[in-house]
Number of protein chains: 2
Amino acid sequence: MKLIILFGGASFEHEISIVSAITVKEKLQNNFELEYIFCDQDHTFYQVPADKMKSKTFSTAEHKKFQKLQFSQGCFSFSKMFSKGEIIGTVLNLIHGADGEDGTISSLLDFYNISYIGPRTDASVFSYDKRYTKMLAKEKGINYIKYEILNNKEQRDIEIPLPVIVKPVRLGSSIGVSIVKEMDELDYALDVAYEFDSNVIVEPFIEGVKEYNLAGYFANGALHYSIVEEPQKQEFLDFEKKYMDFSRSSHVSQADISDELEIKLQNAFKTIYTGMFEGALIRCDFFVIENEVYLNEINPIPGSMANYLFDDFSNVIEDLANSLPQKKRAQVTYEYIDSISKAKGK
Amino acid sequence: MKLIILFGGASFEHEISIVSAITVKEKLQNNFELEYIFCDQDHTFYQVPADKMKSKTFSTAEHKKFQKLQFSQGCFSFSKMFSKGEIIGTVLNLIHGADGEDGTISSLLDFYNISYIGPRTDASVFSYDKRYTKMLAKEKGINYIKYEILNNKEQRDIEIPLPVIVKPVRLGSSIGVSIVKEMDELDYALDVAYEFDSNVIVEPFIEGVKEYNLAGYFANGALHYSIVEEPQKQEFLDFEKKYMDFSRSSHVSQADISDELEIKLQNAFKTIYTGMFEGALIRCDFFVIENEVYLNEINPIPGSMANYLFDDFSNVIEDLANSLPQKKRAQVTYEYIDSISKAKGK
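Residues numbered from 1 in each chain as written. Chains lettered and ligands numbered in written order. Predicted model: local features only at pLDDT ≥ 70, side-chain atom pairs only at ≥ 80, totals over all residues.

**Brief notes about the overall build of chain A**
Where we set the bar: In this description a helix means any DSSP run of H or I spanning at least four residues, a strand means any run of E spanning at least two, and both kinds are numbered starting from the N terminus. With the radius of gyration taken over C-alpha atoms, the globule rule is written as 2.2 Å times the number of residues to the power 0.38. Whether a residue is buried, exposed or partly exposed is read from the other C-beta atoms within 10 Å of its own C-beta, which are placed from the backbone; 20 or more gives buried, 12 or fewer gives exposed, and intermediate counts give partly exposed. Any two residues are considered in contact once their C-beta atoms, placed from the backbone, lie within 7 Å.
Of regular secondary structure, chain A possesses 10 helices and 17 strands. For chain A, the C-alpha radius of gyration of 22 Å lies close to 20 Å, the compact-globule estimate for 346 residues. Along the first, second and third principal axes, the C-alpha set of chain A runs to 70 × 60 × 40 Å. Taking all 346 residues of chain A together, 46% fall into the buried category. Long-range contacts, defined here as pairs at least 24 residues apart, represent 67% of the contacts in chain A between residues at least 6 apart.

In structure tokens form, the structure reads like this:
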């Protein structure tokens, strides 16, 4: 099966997308015919040879020598004076953050009729912006942590008592995130977050809260869940730690939780996923407080596709690739224009 | 000022988009340097000469002889053996329904860095799917009509007492919409709606409800409202009536309502618009029940841009074109890859 790993993007998470792509390559190259397409920060696409899939290729701009690609109906293509070609296959969208997770890439792939693993546009919008994730949780009856939204044009008072966690509303990977324990740290935390977004979300920071991650996907008529992971405890992941996290490829062990809690986590996952995330392998990060499950965030393109949470990752991707949603295009008949033209006698 | 009217699309509203574009051309051609770009149902773009802006051009497929265009960074472009060219300007997105209003075209224009009048991707997702419009109203504290969602895989019982109105969740322009007054009409109404979407929304049909339309846009630091229109009363607009409606160009008169109600409508509009619809001229359709304002629907690309609700439509479009939101692209520094490469000593 041919699979196109699409990575890069004009995103603060550009570099971790490269790391993700290299990790996923290692996990899939024995079972798939892989192609690699890099989206540069200026939105030019390049075809990357397998042996050039190293982070240095991109940081040294060596990729600019590779074949440029563009979108065509049903494929990526190139045409030069004496050659042209097409890359046809299912895309694995590995662009984290802006472009990849905000609905842009999904819209492009849909428009050009290229099948892809990854969130559709609606799913992207609801998971990329933390305000809309809260709305979704509310709508679906899933618990969520209370929050306040601040805008960089408004005053800087918060009502939630300290300590709080301050995040840009539209970024992942801990970029621009701060924990505020003393009131005199708030201004700086807001300034940091406003560097990345004009809106920030403030939530209570719950010391020692139990955190569990669960990934899953819909294929062959059913939802399939990963094991539940209790992520390594640290105050929170800074970007450099998270960066290393995106290169994870060793299988982890199931968290030591009761069957009852596992089922609760799976049920919450199912409620969030169903009717919106079909076509994607997502990871939901939950908090558990007094035995109740709270949604923390949805990662619709988790770092290195959360490969380390599945036993047979190649099989997961193959199943998913064979179960992608089909988008129907409307048929245009010109029935109304014809009937009106006739009525007008012209 | 150069303005590119983009119309067509692979949408059930393809034909009314053509009608809208022809109407807007008539209203703007004296004050703008206009270009016309047609998106065919197969997603090919064509440059249409001004004198060919007639519905028959498209229903007879004459447009297939025109210059094909593609997206490039900052423009639409073409290249042939001995010629190439670019069309640079602000796009007026006039693609109604799928493609234009579902977040696809906005994503393409953002990706290729082309400025445009029309809803951004988030705004499109929230206005195109009636379920998300209800969520938005709920979140923002705007009244909405109660509703039920049915899925074509589930049973067909409804709880809302008759009469009800049945709509596909994701279409505009009255396509697939039925009023059900007797229970034995429900099955057929659902079948009709399921032709267009796998989800339908059922709402109470309120006989004789007062309906008011209000358009507006953000420019030069402030929201600008149109007059309030009380649309012509009919049970509801079928597609053919709506079709004619998209060619409206005569100014209508302000509805006979109190100043108090007008302000209520404007306040509801402002609450919905702010923070989401900047860059677009939208029309909100409201119901008024016992002097309270209820959101019925949001048209983020109203038929013929609701030109008939504004005194000086050219001026409206010019102001809006000069106040479009700017999307910032993340700068990629390769700081982390560089520091990790150094740490590894390679």
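**Some remarks on helix α5 (residues 130-140) of chain A**
In an α-helix, one turn spans 3.6 residues; hence positions three or four apart end up facing the same way. Residue and element names in this part refer to chain A. Residues Lys-130, Tyr-132, Thr-133, Lys-134, Leu-136 and Ala-137 constitute the buried set of α5. In this structure, the buried residues of α5 make contact with α4 (121-128), β9 (143-144), β11 (164-168), β13 (199-204) and β17 (292-299). Gly-141, located one to two residues past α5, shows a positive phi value of around 75°.

**Topic: unusual backbone geometry**
The residue after Leu-162 of chain A, namely Pro-163 of chain A, is reached through a cis peptide bond having omega 0°. Secondary-structure assignment places Pro-163 of chain A in the loop between β10 (148-151) and β11. Backbone geometry places Asn-113 of chain A, a non-glycine residue, at a positive phi of 60°. By the element assignment, Asn-113 of chain A lies in the loop between α3 (104-111) and β8 (116-117). Asn-113 of chain A sits in the partly exposed class, given 16 other C-beta atoms within 10 Å. At Ala-306 of chain B, a residue that is not glycine, the phi angle is positive and equals roughly 50°. The topology assignment puts Ala-306 of chain B in the loop between β17 (292-299) and α9 (313-321).

**Let's talk about the domain arrangement of chain A**
Interfaces are often described in size by the accessible area the parts lose on coming together. All names here are of chain A. Quick reminder of the rule: Domain delimitation follows an automatic or database domain assignment. Each residue gets one label: Ala, Val, Leu, Ile, Met, Phe, Trp, Tyr, Cys and Pro are nonpolar, Asp, Glu, Lys and Arg are charged, and the others, such as Gly, are polar.
For chain A, the assigned domains read domain 1 (2-119), domain 2 (125-143 + 208-321) and domain 3 (148-204). Computed from C-alpha atoms alone, the centre-to-centre distance between domain 1 and domain 3 is 33 Å. At the interface, 5 residues of domain 1 touch 5 residues of domain 3. Taken together, the residues that form the side of domain 1 that touches domain 3 break down as 2 nonpolar, 2 polar and 1 charged.

**Overview of the sheet that holds strand β3 (residues 45-47) of chain B**
Residues and elements named next belong to chain B. The test is simple: Strand pairing is assigned whenever DSSP detects at least two bridges linking the two strands.
As summarised here, the arrangement of the 8 strands in space is β6-β5-β4-β3-β2-β1-β7-β8, forming an open sheet in which the pairing is mixed. The outermost strands of the open sheet, each flanked by one partner alone, are β6 (84-87) and β8 (116-117). Judged from the 4 bridges that link them, strand β1 (residues 2-8) and strand β7 (residues 90-93) form a sheet pairing that is parallel. In the sheet register, Ile-4 faces β7, and the bridge partner there is Val-91.

**A closer look at the relation of the copies chain A and chain B**
Which entries qualify depends on this criterion: Least-squares superposition of the copies uses the C-alpha atoms of those residues scoring a pLDDT of at least 70 in each of them.
With an RMSD of 0.0 Å, the fit of chain A onto chain B corresponds to turning through 180° and sliding 0.0 Å along the axis. Taken together, the rotation and translation describe the operation of a two-fold axis. Here 100% of the interface residues in chain A have copies in chain B that are interface residues too; the copies meet face to matching face.

**Quick look at the sheet that holds strand β14 (residues 210-219) of chain B**
Residue and element names in this part refer to chain B. Strands sit in the order β9-β17-β16-β14-β15 across an open sheet of 5 strands; the sheet is mixed. Every interior strand has two partners, whereas the edge strands, β9 (143-144) and β15 (222-229), have only one. Both strand β16 (residues 282-289) and β17 contribute to a ladder of 7 bridges, which runs antiparallel. Bridging across to β17, Cys-284 finds its partner in Ile-298.

**Concerning the interface of chain A and chain B**
Between chain A and chain B, the contact holds 35 residues from the first and 35 residues from the second. Where the side of chain A that touches chain B is concerned, the elements lending two or more residues are α1 (14-28), α2 (55-59), α3, α4, α5, α7 (239-245) and α10 (335-344) of chain A. A total of 5 residues in the side of chain A that touches chain B trace back to one element, the largest contributor, which is α3 of chain A. Looking at the side of chain A that touches chain B, its residues break down into 14 nonpolar, 12 polar and 9 charged.

**Regarding the nonpolar core**
Filter applied, for reference: Remark: nonpolar core denotes a set of buried Ala, Val, Leu, Ile, Met, Phe, Trp, Tyr and Cys residues whose joining runs through C-beta atoms within 7 Å.
Core analysis: the biggest nonpolar cluster contains 164 residues, and Ile-5, Leu-6 and Leu-281 of chain A together with Ile-5 and Leu-6 of chain B have the highest contact counts within it. Non-local contacts of Leu-6 of chain B, meaning those with residues more than four positions away in its chain, are made with Ile-37, Cys-39, Val-91, Leu-92, Asn-93, Leu-94 and Ile-95 of chain B.

**Some details on the packing of α4 of chain A against helix α4 (residues 121-128) of chain B**
The line we're drawing: Each axis is a line fitted through C-alpha atoms, and for a helix only the stretch in contact is used; angles between axes span 0 to 180 degrees, taken between their N-to-C directions. Should an angle fall under 35 degrees it is called roughly parallel, over 145 degrees roughly antiparallel, and 65 to 115 degrees roughly perpendicular, with every other angle called oblique. Left-handed describes a crossing in which the near helix is turned anticlockwise from the far one by less than a right angle; the clockwise case is right-handed.
Contact pair α4 of chain A / α4 of chain B: the axes reach a minimum separation of 10 Å and the direction vectors enclose 115°. The angle between the axes of α4 of chain A and α4 of chain B places the two elements in the roughly perpendicular class. As α4 of chain A packs across α4 of chain B, the resulting crossing turns out to be left-handed. Contacts from Thr-121, Asp-122 and Val-125 of chain A in α4 of chain A reach Thr-121, Asp-122 and Val-125 of chain B in α4 of chain B.

**Focus: the packing of α4 of chain B against helix α5 (residues 130-140) of chain B**
All names here are of chain B. In the contact formed by α4 and α5, the axes pass within 5 Å of each other and the chain directions differ by 105°. Accordingly, the angle class assigned to the pair α4 and α5 is roughly perpendicular. In this structure, α4 contributes Val-125, Phe-126 and Ser-127 to the contact, and α5 contributes Tyr-132, Thr-133 and Leu-136. Here the contact of α4 with α5 is composed, by residue class, of 4 nonpolar, 2 polar and no charged.

**A closer look at the confidence of the model for chain A**
How we decide: Each residue carries a pLDDT score, the predictor's confidence in it, ranging from 0 to 100.
Residues of chain A with pLDDT of at least 70 account for 95%, and the chain-wide mean is 92. On the interface metric, ipTM, the complex scores 0.94, and its pTM is 0.95.

**Some thoughts on the environment of Ser-127 of chain A**
Along the chain, the position of Ser-127 of chain A falls in helix α4. Apart from the residues lying within four places of it in its own chain, the contact partners of Ser-127 of chain A are Glu-101, Pro-119, Thr-133, Ile-298 and Pro-300 of chain A.

**A look at α1 of chain A**
Residue and element names in this part refer to chain A. Cut-off, in case you're wondering: The span one expects for a helix is its residue count, reduced by one, times 1.5 Å.
In this model α1 runs 21 Å from its N-terminal to its C-terminal C-alpha over 15 residues, within 8% of the 21 Å that 1.5 Å per residue would give. Counting buried residues in α1 gives 12 out of 15 residues, a clear majority hidden from the surface. Taken as a whole, α1 has its buried residues at His-14, Glu-15, Ile-16, Ser-17, Ile-18, Val-19, Ser-20, Ala-21, Ile-22, Thr-23, Val-24 and Leu-28.

**Considering the pairing of strand β4 (residues 68-72) of chain B**
Residues and elements named next belong to chain B. Only one face of β4 is covered, namely the one carrying Leu-69 and Phe-71; the face carrying Lys-68, Gln-70 and Ser-72 has none of its residues buried. Bridging between β3 and β4 involves 2 bridges; their strand directions are antiparallel. When the bridges of β4 are listed, Tyr-46 appears paired with Lys-68. Bridging between β4 and strand β5 (residues 75-79) involves 3 bridges; their strand directions are antiparallel. Paired with Phe-71 across the strands is Phe-76, a residue of β5. Joining the antiparallel neighbours β4 and β5 is a turn of 2 residues, in which Gly-74 adopts a positive phi near 85°.

**Here we look at the environment of Ser-72 of chain B**
Residue and element names in this part refer to chain B. Tracing the chain through its elements places Ser-72 in strand β4. The exposure class assigned to Ser-72 is partly exposed, which follows from the 18 C-beta atoms found within 10 Å. Separated by 149 residues in the primary sequence, Ser-72 and Gly-221 place their C-alpha atoms 31 Å from one another. Apart from residues no more than four positions distant in its own chain, Ser-72 is found in contact with Ser-77, Glu-86 and Tyr-112.

**A short note on the environment of Leu-92 of chain B**
Residue and element names in this part refer to chain B. Note that Leu-92 resides in strand β7. Residues Leu-92 and Ile-301 lie 209 residues apart in sequence; the distance between their C-alpha atoms is 9.6 Å. In contact with Leu-92, other than residues within four places in its own chain, are Leu-3, Ile-4, Ile-5, Leu-6 and Ile-117.

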